[in-house]
Structures are given as structure tokens and as C-alpha cells.
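Structural description and commentary
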Amino acid sequence: MKKFSEKIIYWYQENKRDLPWRNTKDAYLIWLSEIILQQTRVEQGMAYYLKFAKEFPTVKHLAAADDEKVMKLWQGLGYYSRARNLHAAAKVISEKHKGKFPNEHSDILLLKGVGEYTAAAIASFAFNKVHAVVDGNVYRVLSRVFGIETPIDSTEGKKEFYKLANELIDKKNPALHNQAIMEFGAIQCKPVSPDCSVCPLNTMCFAYAKKRITELPIKAKKTKVRCRYFNYIVLHHKTLTALNKRGEGDIWNSLYDFPLIETNKELGEDQFLKSKDWKNFIDGAQYTVKSIPVSYKHILSHQKIYARFWEIECAKPFDKLLPETAVVIKTKELHQYAVPRLIDIYLESRK
DNA sequence: AACTCGGGGGG
DNA sequence: CCCCCAGAGTT
């Protein structure tokens, strides 16, 4: 009987997708692709990879780029700390490593934004080192084939799956093996309704034999969702608009939105208009509220945001009247700023 | 060990 | 509505 590794590698060679980051040995490009693909589907990350690779063909190009430009290119992809860490690490590689990407697993692991998975991916794909990758796909394949019921989001589970993955890896073809098992998980051993009848591993699969495909892998925690109510104050004065740069400790760090009043619960529209808080933004200046606010429900994996955009025409400039984090910009230059998807959708609707 | 960090797609 | 996706950093 053929071994696990041989079977998935054979399957991979017959079924693999043609993906751009598989056609290079450039550690920088492989790193770039791995950061973009963290918790992100290949189809969603593809356009961003092509954009970044074209705009920043080498790590030095990326290191030399402006922060705001990097964030703008990342706009819409989510998990924005990835972009900040990517940029910070590019500067380290460019300066401390003289532009040469580290080729040891332990050194790669020191880079900001690079954890166990990504270090193994880069070390194997770029330098053909024997380090097994364990991503969501690998957890699923291993738990099903070998019947592992340890929760994948536990410390114990992580150790157990890494141990098994490193026992199974083809030490002569670590890069090929790692690509194969992930692609196998993504395409054949899918999360929902995989076609096990055509699976090359169905004769050795625990979950298939026990009819427990839908139960594996096991995840212990469930993310709870928090509801938030955002009242955005979209201030205009002639050709000017006020933006707000978001900071640490909340979503969308280092992106821009508008000056904001957040409340614990839904307020009526008249109730909000009467409230004093937002008028601090304009310090009692004359203003005109343009019609009723535009409303959106923005769903994230861990937050539900009920947003309203109050468009206010202000009679005088608002330079010094805003929060510390605010910036006054020309409305026509708004498109240069990196904004959350929610703000982007609002702006698109205003065109 | 638990929490937080986005956005999109599929059943 | 739910779950998952080429996970990592912080507390």
C-alpha cells in the first residue's frame, strides 16, 4: 500500500491549480503570498498578491514605500496588522539583512507577522527545508484521515498536529509535500460535503470509514459577536472634509474613517440629533443636516456594526474643533486614504 | 488559554 | 443563519 505522502503528492500533480506564487523560488514573493493568504481564500487574495508583486517587485521596494501607500494597497483585504507587520519586516530585511531574505526557519520565525505556519511555508517552499506546514487545510485532512479528535484550537491539539505532520512529511520533497497536503485539503478534503467516493485516501480514512466526516476536525471555541452602533459625522465645509485616523486597541487600526460617536444601543434619529456630543466637533458653529442619515449593517466575524452617516454642512472651517486623531482634507483627495470596507461602500454610494 | 483582529463566500 | 478561509499578536 502506498504511503500517505505518495498518495497526496500523486493527487496534487494531477489536480493542482496554477497559482502565481508557485512559479517562483523568490523567498520575498513567497513570503508576500503567505502573509496575504493568512485566513484568506486564494480567490480573495489573488488580486492583492498581483498588485503588491507588481508595485513592490523586491523587498527593498516594499521597505522604501510610504506607510499610507502600503495600507491603501491592502485596503479591503482585512486584518490590517498584516500590512503593518509586512512593511515593518521588509524594513528589517532590507536594512539588517541587507535585502537578503533569511533562509533559516528560526530566523524567518523572528519576522513580525510570521508564525509557525508561515515560517514552515517559507522555509520549505523557498529553501526546501523540512518543516511541515499546518494550516486549516492540514488540520482538516489529518483529523479526518487519522481520526484525531483533539480540538484544533487548543494548545495540545496544535502540538499533536504538528508532531504528526512532521512525521508524515516527505523529507526528500518537503516543498512538494507541503503544497500537496494543503491543496488536497482545499480542493478534495473540503470543509463541507467533500466527494469521498473519488478520494484517493478513502481506503485509509478514519472519518470516511466511521461516517464522521462532518464531525471532524473538532473546534472547541466559538467566537461571540459584539454589537456596536456607529454614528459617523461626515463634515463638509466648502471643498473640505474631516477624516479620523484610527489607532490601536480597536478594529481598523491605521485606517481612516470619519469622526465618530459610538453608542451602546440604537438611538432614534431625533434623539441623536438633539444629543450634544457630536456638536463638540463643530463647536457650536452654524450647520445644516442634509436629509436623513444613510444606514448600513456591517458584519464582521466578531462584530456587528450598525452604522449611520450624518452628512453635515458646516458654516465655518473645523480645523481645531475636532478630536486629536482627526485630519482635515480636500474632499477630492479622499480616494488616496485607506478606509475600511464600510466607509468605502458608503463613499461608493455617494457617487 | 482566551481574546482580538476583516472581509467574503457557500450551504 | 452558520461556518470557514495558506494565522498571528496580545493579554
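As the structure is a computational prediction, the values presented were derived from the model and not from experiment.

Definitions and limits used
Residues numbered from 1 in each chain as written. Chains lettered and ligands numbered in written order. Predicted model: local features only at pLDDT ≥ 70, side-chain atom pairs only at ≥ 80, totals over all residues. Heavy atoms only, no water. Phe/Tyr/Trp six-rings, centres within 6.5 Å; stacked < 30°, edge-to-face > 60°. Helix = DSSP H or I, 4+ residues; strand = E, 2+ residues; numbered from the N terminus. Buried < 20%, exposed > 50% of the residue type's maximum accessible area, 1.4 Å probe, protein only. Contact = heavy atoms within 4.5 Å. Domains from an automatic or database assignment. Buried area = accessible area lost by both parts, 1.4 Å probe. Salt bridge = Lys/Arg side-chain N within 4 Å of Asp/Glu carboxyl O. Pairing = 2+ DSSP bridges.

What follows deals with the packing of aromatic side chains. Following the criterion strictly, the structure yields 19 aromatic pairs and no others. Ring geometry for Tyr28 versus Trp31: centroids 6.1 Å apart, planes at 55°, classification tilted. Placement of both Tyr28 and Trp31 in helix 2 (residues 27-36) is noted, with a separation of three residues, approximately one turn of the helix. Overall, the relative accessible area of 0% leaves Trp31 in the buried class.

Mapped onto the elements of the fold, Val225 is located in the loop between helix 12 (206-209) and strand 1 (226-237). Spatially, the C-alpha atom of Val225 lies 6.7 Å from that of Lys304, the residues being 79 residues apart in sequence. The contact partners of Val225, leaving out residues within four places of it in the chain, are Ser301, His302, Gln303 and Lys304.

The next point concerns the domain arrangement of chain A. Frequently, the measure chosen for interface size is the accessible area removed from exposure when the parts meet. As far as domains go, chain A holds domain 1 (4-215) and domain 2 (226-350). Taken together, the contacts link seven residues of domain 1 with 13 residues of domain 2. Carbon and sulfur atoms make up 47% of the surface buried where domain 1 meets domain 2, a total of about 840 Å² over both sides. For the pair domain 1 and domain 2, the interface holds one salt bridge. Ionic pairing is found between Glu68 and Lys245, a salt bridge with its closest N-O pair at 3.0 Å.

Side chains on a regular strand alternate between the two faces of the sheet. Here strand 4 (residues 260-263) shows one buried face, formed by Ile261 and Thr263, and one open face, formed by Leu260 and Glu262. Inspection of the sheet shows strand 1 paired to strand 4 by four bridges, in the antiparallel sense. Its bridge partner being in strand 4, Asn231 is matched across the sheet by Ile261.

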